[in-house]
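Close look at the chain arrangement
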Amino acid sequence: QVQLVESGGGLVQAGGSLRLSCAASGRIFSINDMNWYRQGPGKQRELVAGITSGGSTNYADSVKGRFTISRDNAKNTVYLQMNSLKPEDTAVYYCNAQRLRVGLTSIFNYWGQGTQVTVSP
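1. Here's the deal with the packing of aromatic side chains
Tallying each qualifying case throughout the model produces two aromatic pairs. Here the aromatic rings of Y94 and W111 are separated by 6.5 Å at their centres, their planes lie at 80°, and the arrangement is edge-to-face. A residue pair is termed long-range when its members are at least 10 positions apart, and Y94 in strand β10 (residues 91-102) and W111 in strand β11 (residues 105-111) qualify at 17 residues. Given a relative accessible area of 14%, Y94 falls into the buried group. On the basis of relative accessible area, W111 is assigned to the partly exposed category, the value being 29%. The cationic tip of R19 hangs over the ring face of Y79; the distance from NZ or CZ to the ring centre is 4.1 Å. If you follow R45 out to its NZ or CZ, it ends over the ring of W111, 4.7 Å from the centre.

What counts and how
Residues numbered from 1 in each chain as written. Predicted model: local features only at pLDDT ≥ 70, side-chain atom pairs only at ≥ 80, totals over all residues. Heavy atoms only, no water. Phe/Tyr/Trp six-rings, centres within 6.5 Å; stacked < 30°, edge-to-face > 60°. Helix = DSSP H or I, 4+ residues; strand = E, 2+ residues; numbered from the N terminus. Buried < 20%, exposed > 50% of the residue type's maximum accessible area, 1.4 Å probe, protein only. Lys NZ or Arg CZ within 6 Å of the ring centre and 35° of its normal.

By themselves, these observations are geometric and do not establish any function.
This is the structure we're talking about:
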């Protein structure tokens, strides 16, 4: 059974830092693009950052210069280092894998359960 498990969320004061992790488990052969999304209270889910299997990255304008996405392909894990956090970063953060190759099959657009990040003023 394939799972994406996020960790590292919590409560932090504005200006602080958190590091989120998302570990994929199961009989995974490879994962291509991995992304972090977030959904704030009363807001739509939005893309925060993405990273390809080769390490190319992209970021939402609102987090450029503050957040850094990285991955460890050997561990099937993606990270999101979040610095200079703001109250408007408060949201549930979700890990997303665009394609997981599992055995002889592929699973597309796979999501984790989410982890809460709360930034106090």
